[in-house]
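Letter by letter, the chains look like this.
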Amino acid sequence: MSAPAQNPISSDDLPPVQPPSAGFLVQLFLIPGIIVAIIVVVWMLFVWLATPDSDPQKYVEGIGRNTDDAWQKAEYLAEMLRNDRGNQLKGDAQLAGKLAELLNESIDAGLMDDRSINLRVYLSSALGQFNTPEGLPALLKAASTSREPSELPVRRSALDAIGMLVANLQSAGDQTAEAELPDREKLFSTLFDASRDHEPVIRLRAAYVLGIVGDKRATSPLVKMLDDPYPDVSYNAATALARRGDPRAIDTLLEMLDPKQSKAIEKEDPAMQAEKRSIILVNGLRAIGQLADADPSADLSRVEPAVDRLRDSSLPLEVRDAAMAAHEKLQKRQQPAAR
């Protein structure tokens with residue numbers, strides 16, 4: 001049986017089409033547009049209020065007035081320098097000199113409240129970003145000034161900054177930059193004292209900076225630090241010596257290549273132990289490669305089994321990749337030179 005036929009709808013049956021009124025168009029387009037515009041303006045206003053000023057001189061002036069937020073201005077300035085990819089600020093010797101002056105003034109004032117400590121921490125951090133040496137004397141003063149335990153963060157930040165500053169000068173392309181550092185003797189005396197400091201975090205950073213400085217005088221304190229009771233200190237000393245091609249680092253490097261590393265990680269939070277284990281293993285493997293490059297004649301036969309075990313292990317991929325790279329360097333050393 002066929003379906004009953006349906007009558008087609010006639011145009012006469014449809015309601016008349018009315019053109020949209022002006023009021024309807026206003027409601028449809030203009031009002032939502034106004035709402036969006038208001039949202040954009042409010043967002044831009046919020047961003048403008050929340051974004052720090054981009055003029056470094058205003059930060060310097062604010063820090064010089066020593067207001068309650070001076071340390072925040074120093075923090076903003078340190079971040080600005082850190083993000084200065086074009087090196088427009090990092091080479092500003094006048095700016096570096098002014099920040100060094102402010103750091104010296106804060107040290108001499110001797111205030112130990114949180115704001116004053118934070119100010120010295122961030123001024124030190126800012127000075128470490130430069131590739132001009134004017135800030136080094138003030139950083140050495142900050143690193144060696146220890147009147148109260150509360151100044152430990154300042155000393156730590158200053159040593160970090162010294163390491164960054166020296167590395168920046170070395171990478172700036174000026175081969176004589178390091179030799180012309182101001183207060184060079186003070187630099188080494190500060191680092192030597194820091195390498196014997198009672199605070200492990202200070203010795204740790206001293207080992208790192210001594211590894212950056214290219215002077216032969218750094219070797220002796222680094223060798224002594226191989227016996228440091230704090231594993232991170234001895235590991236930093238070993239990697240620094242490896243970069244210098246010193247085979248005396250091998251025993252400590254072998255300790256770093258042991259996946260157990262109980263001494264180094266036993267005090268860490270359990271959630272962080274695996275991550276720290278991987279970091280130590282990767283750093284040790286890279287140091288092996290650096291030692292192989294720096295001293296092609298060094299006897300590294302003792303480290304080869306440890307490298308191979310890590311290469312064939314089920315440890316994280318980054319560890320196995322580092323082990324493979326070290327293995328390839330060791331194998332390359334064993335190949336006879338082409339005639």
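Preceding this paragraph is the structure being described.
Residues numbered from 1 in each chain as written. Predicted model: local features only at pLDDT ≥ 70, side-chain atom pairs only at ≥ 80, totals over all residues. Heavy atoms only, no water.

S.K.: Describe the overall build of the protein chain, with residues and values.
M.R.: Secondary structure summary: the protein chain contains 16 helices and zero strands in total. Split into buried and exposed, the 339 residues of the protein chain put 40% on the buried side. Sequence-distant contacts, at least 24 apart, represent 65% of the contacts inside the protein chain between residues at least 6 apart. Put simply, the protein chain shows about 19,600 Å² of open surface, and 54% of that area lies on carbon and sulfur atoms. (Helix = DSSP H or I, 4+ residues; strand = E, 2+ residues; numbered from the N terminus. Buried < 20%, exposed > 50% of the residue type's maximum accessible area, 1.4 Å probe, protein only. Contact = heavy atoms within 4.5 Å. Areas by Shrake-Rupley, 256 points an atom, 1.4 Å probe, with all protein chains shown as cover.)

S.K.: How would you summarise the packing of aromatic side chains if you had to cite specific residues and measurements?
M.R.: For the structure on display, the rule yields three aromatic pairs. Aromatic side chains Trp-71 and Tyr-122 sit 6.1 Å apart centroid to centroid with 20° between the ring planes, which places their arrangement in the stacked category. On the criterion of sequence distance, the pair formed by Trp-71 in helix α3 (residues 70-82) and Tyr-122 in helix α5 (residues 114-127) is long-range, its members being 51 residues apart. An angle of 50° between the planes, with centres 5.8 Å apart, marks the rings of Phe-188 and Phe-192 as tilted. One end of the pair is Phe-188 and the other is Phe-192, both in helix α8 (residues 184-195) and four residues apart, which spans about a single turn. By relative accessible area, which is 1% here, Phe-188 ends up buried. Look at Phe-192 and you get partly exposed, because its relative accessible area is 22%. One Lys or Arg, Arg-217, reaches over the ring of Phe-188 and ends 4.2 Å from the middle of that ring. (Phe/Tyr/Trp six-rings, centres within 6.5 Å; stacked < 30°, edge-to-face > 60°. Lys NZ or Arg CZ within 6 Å of the ring centre and 35° of its normal.)

S.K.: Quick one: what's the story with the packing of helix α2 (residues 56-64) against α3, residue by residue and with numbers?
M.R.: Packing of α2 against α3 brings their axes to within 8 Å, and their N-to-C directions diverge by 150°. When the interaxial angle is binned, α2 and α3 end up roughly antiparallel. The interaxial crossing formed by α2 with α3 has left-handed handedness. On the side of α2, the interface is formed by Pro-56, Tyr-59, Val-60, Gly-62 and Ile-63, while α3 contributes Ala-70, Lys-73, Ala-74, Tyr-76, Leu-77 and Met-80. Counted by class, the contact of α2 with α3 contains nine nonpolar, one polar and one charged residues. (Axes fitted to C-alpha atoms, helices over the stretch in contact; angles between N-to-C directions. Parallel < 35°, antiparallel > 145°, perpendicular 65-115°, else oblique. Left-handed = near helix turned anticlockwise from the far one by under 90°. Nonpolar A, V, L, I, M, F, W, Y, C, P; charged D, E, K, R; others polar.)

S.K.: A description of the packing of α3 against α5 should follow, citing residues and the corresponding values.
M.R.: Orientation of α3 relative to α5, taken along the N-to-C sense of each, is 15°, at an axis distance of 8 Å. Taken together, α3 and α5 sit at an angle that is classed as roughly parallel. Crossing angle aside, the handedness with which α3 passes α5 is left-handed. Taken together, the residues of α5 that come into contact with α3 (itself represented by Ala-70, Trp-71, Ala-74, Glu-75, Ala-78, Leu-81 and Arg-82) are Arg-115, Asn-118, Leu-119, Tyr-122, Leu-123, Ser-125 and Ala-126.

S.K.: With reference to specific residues and values, describe unusual backbone geometry.
M.R.: Peptide bonds are trans in most cases, and residues, glycine excluded, mostly fall at negative phi. One non-glycine residue, Asn-66, lies in the positive phi region at around 55°. Mapped onto the secondary structure, Asn-66 falls in the loop between α2 and α3. Overall, the relative accessible area of 51% leaves Asn-66 in the exposed class.

S.K.: Describe the nonpolar core, with residues and values.
M.R.: Formed by 89 residues in total, the largest nonpolar core has its most connected members in Leu-99, Ile-162, Leu-253 and Leu-285. The greatest single-element share of this core, amounting to nine residues, is contributed by helix α7 (residues 152-171). The contacts of Leu-253, once residues within four sequence positions are left out, are Ala-238, Ala-242, Gly-284, Ala-287, Ile-288 and Leu-291. (Core = buried A, V, L, I, M, F, W, Y, C linked by side-chain atoms within 4.5 Å.)

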